[in-house]
Amino acid sequence: MHPCERIYLIGANGIIYGNEPGICRITGKQSTGILFKNWVRDTFTDHSYLLPGNIISNEALFCFDESSELLMKLTGREKPQRFRTYSHIVSDGKWHIFTKADKATVYDLIVSGNCELVCLAESGQKHILFKHKNGMWQVEEMQIMPDIPLLQILHENMQNLLNIGFSQAEIITGNYIGYRIMKAGIPAWAAYEENLKPHRKTQIFNFSTWMMHAPKLV
């Protein structure tokens, strides 16, 4: 099932944007919606992802919505929301939407092992959900094979370094400030860094950095 179809089936409550029959240029499926030529704008740059067809289906339109009243209700905002602003996860058949303020919750949901779709937005400026590939983890346009044990190792060590005073930039680059190493203690810093160093600049490392969040105040 295409990710747009999955999200629409779970959460759209039958929202209809149009009734034009045809083949959807996003999902490649026979459906109904509106003529693609009437919908697409000059600013659309993802032509390489399009499939043969003549419409954009209701399933796809739901996931491209730039003024969603449903998302407004779900997020408690005061005005309609853009779909691309949010990260989307389907777990145990339930659709969840998150912002980067929800990183700890996102991590817990992913490592539960029950996620059917993981599509995380970084900039909130790109339409990424329709590019998602089933069975993969995605952040922005990067897609990787799931590896929960390695994600847990990387996340734990990243969070430990944050907890003893290092910045996210230091952890991502491996360029640590000397006085912070001395303040944290060389043995503690080295123990965590040695677990991260072999994986730095890999896709799973980059995916894991999205999950870093500020230490909880005690």
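In this convention, every chain numbers its residues from 1, walking through the sequence in written order. Given that this is a predicted model, residues contribute local features only at a pLDDT of at least 70 and side-chain atom pairs are listed and counted only at 80 or more, while totals for whole chains, interfaces and linings are drawn from all residues. Water and hydrogen atoms play no part in the side-chain values, which are based on all heavy atoms of the structure.

**Some remarks on the side chain of Lys103**
With respect to the helices and strands, the residue Lys103 is situated in helix α5 (residues 103-111). Buried and unpaired, Lys103 has no salt bridge, with Glu122 as the nearest side chain of opposite charge at 5.3 Å. Two residues qualify as a contact provided that any one of their heavy atoms is within 4.5 Å of a heavy atom in the partner residue. Excluding residues within four positions of it along the chain, Lys103 makes contact with Trp210, Met211, Met212 and His213. Secondary structure follows DSSP: runs of H or I at least 4 residues long count as helices, runs of E at least 2 residues long count as strands, and numbering of each begins at the N terminus. Think of it in three bands: residues with accessible area under 20% of the maximum for their type are buried, residues over 50% are exposed, and the middle band is partly exposed, with areas taken using a 1.4 Å probe on protein chains only. Under the convention used here, Asp and Glu are negative, Lys and Arg are positive, and both His and the chain ends fall outside the count. Should a side-chain nitrogen of Lys or Arg be within 4 Å of a carboxyl oxygen of Asp or Glu, the pair is scored as a salt bridge.

**Quick notes on the environment of Arg82**
Within the secondary structure, Arg82 is located in the loop between α4 (69-75) and β4 (87-91). Excluding anything up to four places from it in sequence, Arg82 contacts Asp65, Glu66, Leu71, Gly124 and Gln125.

**Describing the packing of aromatic side chains**
In summary, the pairing rule links any two rings of Phe, Tyr or Trp, Trp by its six-membered ring, whose centres are within 6.5 Å, and it sorts them by plane angle into stacked for under 30 degrees, edge-to-face for over 60 and tilted for everything else. Within the structure shown, the criterion is met by 13 aromatic pairs. Judged by centre distance (6.3 Å) and plane angle (85 degrees), the rings of Phe36 and Phe44 are edge-to-face. Aromatic pair Trp137 and Phe207: ring centres 5.1 Å apart, planes at 15 degrees, arrangement stacked. Of the two residues, Trp137 sits in strand β7 (residues 137-139) while Phe207 sits in helix α10 (residues 203-210), which places them 70 residues apart along the sequence. Considered together, Trp137 and Phe207 belong to a single accessibility category, that of buried residues. Pairwise contacts between aromatic rings join Phe36, Trp39, Phe44, Tyr49, Phe64 and Phe130 into one cluster. Lysine and arginine charges are scored as sitting over a ring when NZ or CZ, respectively, is within 6 Å of the ring centre and within 35 degrees of the ring normal. Geometry around Phe36 places Arg25 over its ring, the cationic atom sitting 5.2 Å from the centre.

**Remarks on the sheet that holds strand β8 (residues 142-144)**
Working definition: the strands of a sheet are paired by backbone hydrogen bonds and lie parallel or antiparallel to each other. Two strands pair if DSSP finds at least two bridges between them. Read from one edge of the open sheet, 5 strands run β5-β4-β6-β7-β8, paired in mixed fashion. Strand pairing shows two members of the sheet lacking a second neighbour, β5 (94-98) and β8, which therefore form its edges. Averaged over all neighbouring strand pairs, the angle between strand axes comes to 15 degrees, with direction disregarded. In this sheet, β8 lies alongside β7 in antiparallel orientation, the contact comprising 3 bridges. Looking at β8, one finds that Gln138 is bridged to Gln143. Along the sheet face, α10 touches β4, β6 (115-120), β7 and β8 and points at about 110 degrees away from the line of β8. Where helices are involved, their axes are fitted lines through C-alpha atoms of the stretch in contact, as for all axes, and angles between N-to-C directions lie from 0 to 180°.

**Observations concerning the environment of Leu129**
Along the chain, the position of Leu129 falls in the loop between β6 and β7. Classification of Leu129 as buried rests on a relative accessible area of 5%. Beyond its immediate sequence surroundings of up to four residues, Leu129 is in contact with Pro3, Ile7, Cys63, Phe83, His88, Leu117 and Cys119.

**Comments concerning the nonpolar core**
Residues belong to a common nonpolar core when they are buried Ala, Val, Leu, Ile, Met, Phe, Trp, Tyr or Cys residues joined through side-chain atoms within 4.5 Å. Membership of the largest hydrophobic core comes to 31 residues, with the highest contact counts inside it found for Ile110, Leu120, Ile171, Phe207 and Met211. Those elements giving two or more residues to this core turn out to be α5, β6, β7, β8, α6 (148-163), α9 (186-196) and α10. Per-element accounting of this core gives the leading share, 6 residues, to α6. Discounting chain neighbours no more than four positions away, the residues touching Ile171 are Met158, Leu161, Leu162, Phe166, Tyr176, Leu196, Arg200, Phe205 and Met212. Tyr8, Leu50, Ala60 and Leu117 belong to the second largest nonpolar core, which has 29 residues in total.

**Describing the sheet that holds strand β2 (residues 30-35)**
A sheet is described by the order of its strands in space; here 3 strands give the open sequence β1-β2-β3, paired in antiparallel fashion. Here the strands that pair on one side only, and so sit at the sheet edges, are β1 (20-23) and β3 (55-57). Neighbour-to-neighbour, the strand axes of the sheet open up by a mean angle of 65 degrees, direction not taken into account. Note that β2 and β3 share 3 bridges and pair antiparallel. Following the sheet pairing, Gly33 is matched in β3 by Ser57.

**A word on α10**
Where burial is concerned, most of α10 is hidden: 6 out of the 8 residues are buried. Residues Ile204, Phe205, Phe207, Ser208, Thr209 and Trp210 constitute the buried set of α10.

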